[in-house]
Amino acid sequence: MSDDILEDGRKLFAGTADFLWASGDKDNLIPEGPIEIALTGRSNVGKSSLINALTNRKALARTSVTPGRTQELVFFDINNRFRLVDMPGYGYAEAPKEKVAAWTKLIFDYLRGRSTLARVLLLIDARRGAKEVDDQVMDALDKAAVSYQIVLTKCDQISGKELEALIAATQKRIAKRPAAFPQIIATSSLKGAGIPELRAAVAQLLSDRGA
Ligand code: GDP
């Protein structure tokens, strides 16, 4: 990754970061505007912590006390350049079936035909690796032809060797997936590892889109 794009990423996230809109109803989403980059993953994957680390804020995204509580899409404006979209987490064990169905419906109503959605960041907990439920979400993203990129979280919790093996295994897992972006980014919100690289990947994506 070049120094220039790392610097672009740093600058991109060094400005404003503001809450814009939250809704759990697909008929009440913020109208399309700037490019959107969405984040999702299993409940407790570290999504709120990652949004806060990216934006260098303590509590832009609220870290969840009750897993799976938030069933809303939350939109943030970043530096008047693009929107981060905090999608609800999935796959919490105690969720009743109707909740899972509601999640799926909200997410796919949003994903389908959102022309400004540039990419979904699919978060995977490095201690756990991708699970069947993650594969199901990837299946759905492939089907909807929504570009997605794997971001490993909590990488401070495993050794360098384990991380290497996990990246290789995850790369293999996504190799044949049509909508998966090949580069996997390993992060630790706690230690800051991989945060500059993830910011740079976002900056690159915006630049590729001419945004
Ligand atoms: P969310 O439910 O996906 O939004 O996850 P949270 O951001 O609320 O984090 C879930 C739990 O994981 C919390 O206890 C966090 O402190 C912890 N966590 C999040 N990021 C990291 C990280 O980078 N390293 C470690 N060790 N723990 C983390």
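Residues numbered from 1 in each chain as written. Predicted model: local features only at pLDDT ≥ 70, side-chain atom pairs only at ≥ 80, totals over all residues. Heavy atoms only, no water.

Participant: Explain the packing of helix H1 (residues 3–12) against helix H6 (residues 195–208) here, please?
Facilitator: Helix packing for two helices is described by the angle between their axes and how far apart those axes are. Running from N to C, H1 and H6 point in directions that differ by 95°, and their axes come no closer than 7 Å. It follows that H1 is roughly perpendicular to H6 by the angle criterion. Of the residues in H6, those touching H1 at Ile5, Leu6, Asp8, Gly9 and Leu12 are Pro196, Glu197, Arg199, Ala200, Val202, Ala203, Gln204 and Leu206. By residue class, the composition of the contact of H1 with H6 is 8 nonpolar, 2 polar and 3 charged. (Axes fitted to C-alpha atoms, helices over the stretch in contact; angles between N-to-C directions. Helix = DSSP H or I, 4+ residues; strand = E, 2+ residues; numbered from the N terminus. Parallel < 35°, antiparallel > 145°, perpendicular 65-115°, else oblique. Contact = heavy atoms within 4.5 Å. Nonpolar A, V, L, I, M, F, W, Y, C, P; charged D, E, K, R; others polar.)

Participant: I tried to follow unusual backbone geometry on my own but got confused; where do I start?
Facilitator: Negative phi values dominate among residues other than glycine, just as trans dominates among peptide bonds. The backbone phi angle of asparagine 44 is positive, close to 75°, even though this residue is not glycine. Relative to the helices and strands, asparagine 44 resides in the loop between strand E2 (36–41) and helix H2 (47–55). Positive phi, close to 55°, is recorded for asparagine 79, a residue that is not glycine. Along the chain, the position of asparagine 79 falls in the loop between strand E3 (73–78) and strand E4 (82–86).

Participant: I tried to follow the packing of aromatic side chains on my own but got confused; where do I start?
Facilitator: Here a ring pair, both rings aromatic, is described through the centre-centre distance and the interplanar angle of the planes. With the rule as written, the count across this model stands at 4 aromatic pairs. Pairing phenylalanine 19 with phenylalanine 76 gives two aromatic rings, centres 6.3 Å apart and planes at 75°, and the pair type is edge-to-face. With a gap of 57 residues between them, phenylalanine 19 in strand E1 (residues 17–23) and phenylalanine 76 in strand E3 connect regions that are remote in the sequence. When its relative accessible area of 2% is taken as the criterion, phenylalanine 76 is described as buried. Cation over ring: arginine 119 sits above phenylalanine 181, and NZ or CZ is 3.9 Å from the ring centre. (Phe/Tyr/Trp six-rings, centres within 6.5 Å; stacked < 30°, edge-to-face > 60°. Buried < 20%, exposed > 50% of the residue type's maximum accessible area, 1.4 Å probe, protein only. Lys NZ or Arg CZ within 6 Å of the ring centre and 35° of its normal.)

Participant: Explain helix H3 (residues 97–111) to me, please; I cannot follow it from the model alone.
Facilitator: The α-helix winds at 3.6 residues per turn, so residues separated by three or four positions along the chain end up facing the same way. Compared with an ideal rise of 1.5 Å per residue, which puts 15 residues at 21 Å, H3 spans 21 Å between its outermost C-alpha atoms and is within 8% of the ideal. Residues of H3 that are buried include every one of Trp103, Leu106, Ile107, Phe108, Tyr110 and Leu111, and no others. Contact partners of the buried residues in H3: E2, E3, E4, strand E5 (117–125) and helix H4 (132–144). Phi turns positive one or two residues past the end of H3, at glycine 113, with a value near 70°. (Expected span 1.5 Å × (residues − 1).)

Participant: It is not clear to me how the packing of H2 against H6 should be interpreted in this structure. Could you clarify?
Facilitator: One way to put it is that H2 packs onto H6 with a least axis distance of 10 Å and a crossing angle of 80°. As far as their axial angle goes, H6 and H2 are roughly perpendicular. Across from Leu50, Ala53 and Leu54 in H2, the residues of H6 making contact are Ile195, Leu198 and Arg199.

Participant: I would appreciate a short explanation of the pattern of salt bridges in the present structure.
Facilitator: In a structure, side chains of opposite charge can pair up when their charged atoms sit close to one another. Within this structure, the stated rule accounts for 13 salt bridges. Between aspartate 109 and lysine 105 there is a salt bridge, and its shortest N-O distance comes to 2.8 Å. Of the two residues, aspartate 109 and lysine 105 are both situated in helix H3; the distance of 4 residues between them amounts to about one turn of the helix. Salt bridges here are not isolated pairs; linked through shared partners, they connect Asp135, Asp139, Asp142, Arg173 and Arg177. (Salt bridge = Lys/Arg side-chain N within 4 Å of Asp/Glu carboxyl O.)

Participant: Can you walk me through the sheet that holds E1 in this structure?
Facilitator: Within a beta sheet, neighbouring strands are joined by backbone hydrogen bonds and run either parallel or antiparallel to one another. Pairing is mixed across the open sheet formed by 7 strands, whose spatial order is E1-E3-E4-E2-E5-E6-E7. Edge strands, defined here as strands with exactly one partner in the open sheet, are E1 and strand E7 (180–186). Averaged over all pairs of adjacent strands, the angle between their axes in this sheet comes to 25°, without regard to strand direction. This element, H4, spans E5, strand E6 (148–153) and E7 of the sheet and lies at about 170° to E5. (Pairing = 2+ DSSP bridges.)

Participant: Honestly, H1 in this entry has me stumped. Any pointers?
Facilitator: Here H1 has its buried residues at Ile5, Gly9 and Leu12. Down the axis of H1, the buried side of the element spans an arc of 65°, and every buried residue falls inside it. Away from its buried face by more than 90 degrees, H1 exposes Asp3 and Asp4. Where H1 is buried, its residues meet E3, E4 and H6. (Arc of directions from axis to C-beta.)

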